[in-house]
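# Summary of the model geometry
Given next are the chains, with one letter for each unit.
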Amino acid sequence: MQLLQTAVACLRIVAVRVGNRQKSGERRERGPATRVIRLRQCTLLDGPWNKADRVRAKGVNRDTKHLERCVELARQALDAGDEPFGSLLVDADGRTLCEARNRAITGDPTQHPEFALARWAAGNLSLEERKAATVYTSGEHCAMCSAAHAWAGLGKIVFISSTRQLGEWLEEWGVPPGPVAPLTINEVAPQIPTQGPIQGFDQEVRSLHAARHAKR
């Protein structure tokens, strides 16, 4: 009888531990080194993780999904009264690790999404994971964000609209230039592989910037 009571007590302890792990949002991923990953480890999100973000995507569909999300995040920033910029940090398997939008309206003009992702990556990913990661973003990095990306050791950048495009749009709408020279990513960090602008998506981003600036 005492042996049976001990066994029941052990099962109860295991059940409690499993329940606590499920409540905390943890899952165990198997690979070369098994490790616990917190699905809510990125504190830059406005809402809960989308289950689809944890599904392995393939080919062009993966890129399309990430680019659409960048536009959505940029729209969220615009709706919040900020400049329309949104970015994702994606691992080598196409899973979204972290996402962010512009938050310069808070009074801190350095609150760019690309800068936030670089800082998050530096504190949460290994050097190898950072090298393999890709940043998808609605607009090409500014000089500050390009430098942060390079110093964090992140990999490829896929941007929807270019620095040149944004400059032309703002000039068209009579918006005065900002305090930082409009350098391209590779003028700041020559070693970073880049892709962009993305035809079609760039016009969606233009419409967001137009909604903020064109009628001012």
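A brief structural summary. Going along each chain's sequence as written, the residues are numbered from 1 onward. Residues qualify for local features only when their pLDDT is at least 70, as the model is predicted, and side-chain atom pairs are given and counted only at 80 or more; totals for whole chains, interfaces and linings, by contrast, use all residues. Water and hydrogen atoms were dropped before computing side-chain values, which therefore reflect all heavy atoms in the structure.

### Observations concerning the overall build of the protein
What counts, and what does not: Comment: elements are numbered from the N terminus, with helices defined as DSSP H or I runs of at least four residues and strands as E runs of at least two. When a residue's accessible area, from a 1.4 Å probe over protein chains only, is under 20% of the maximum for its type it is buried; when over 50% it is exposed; and in between it is partly exposed. Residue contacts are defined here by distance: any two heavy atoms, one from each residue, within 4.5 Å place the two residues in contact. The Shrake-Rupley method, run with a 1.4 Å probe, gives the accessible areas here. Residue values count only the displayed protein chains as cover.
Secondary structure assignment for the protein yields 8 helices and 7 strands. Looking at the 216 residues of the protein, the share that counts as buried comes to 38%. Of all intrachain contacts in the protein linking residues separated by at least 6 positions in sequence, the fraction that spans at least 24 positions is 60%. For the protein, the exposed area adds up to about 12600 Å²; of that, 54% sits on carbon and sulfur atoms.

### Digging into the environment of Ile185
Examined against the element boundaries, Ile185 turns out to sit in helix 7 (residues 185-188). Distance in space between the C-alpha atoms of Ile185 and Ser162 is 9.4 Å, their sequence separation being 23 residues. Apart from the residues within four sequence positions on either side, Ile185 is in contact with Glu140, His141, Ser146, Ile157, Phe159, Ile192 and Thr194.

### A few points about the sheet that holds strand 4 (residues 96-101)
The condition is simple: Strands are labelled as partners when DSSP assigns at least two bridges between them.
Reading across from one edge, 4-3-5-6-7 is the order of the 5 strands in this open sheet, with mixed pairing throughout. Two strands bound the open sheet, and with one partner strand each, they are strand 4 and strand 7 (194-195).

### Let's talk about the packing of helix 6 (residues 163-172) against helix 8 (residues 201-213)
Operational definition: Only C-alpha atoms enter the line fits that serve as axes; for helices the fit covers just the stretch in contact. Angles between N-to-C directions range over 0 to 180 degrees. Definitions for this section: a left-handed crossing has its near helix turned counterclockwise from the far helix by less than a right angle. A right-handed crossing has that turn clockwise. All residues other than Ala, Val, Leu, Ile, Met, Phe, Trp, Tyr, Cys, Pro, Asp, Glu, Lys and Arg, Gly among them, are scored as polar; the first ten of these are nonpolar and the last four charged.
Interhelical geometry of helix 6 versus helix 8 gives an angle of 35° and a closest axis separation of 11 Å. Between helix 6 and helix 8 lies a crossing whose hand is right-handed. Residue-level contacts link Gln165, Leu166, Trp169, Leu170 and Glu172 of helix 6 to Asp202, Val205, Arg206, His209 and His213 of helix 8. Of the residues that constitute the contact of helix 6 with helix 8, the class distribution is 4 nonpolar, 3 polar and 3 charged.

### As for the pairing of strand 5 (residues 134-139)
Counting buried positions along strand 5 yields 6 of 6 residues, so the element is predominantly enclosed. Sheet topology note: the strand 3 (residues 86-90)/strand 5 ladder contains 4 bridges and is antiparallel. Within the sheet, the bridge partner assigned to Leu88 lies in strand 5 and is Tyr136. Bridge count between strand 5 and strand 6 (residues 157-161): 4 bridges; the pairing is parallel. Note that in strand 6 the partner of Gly139 across the bridge is Ser161.

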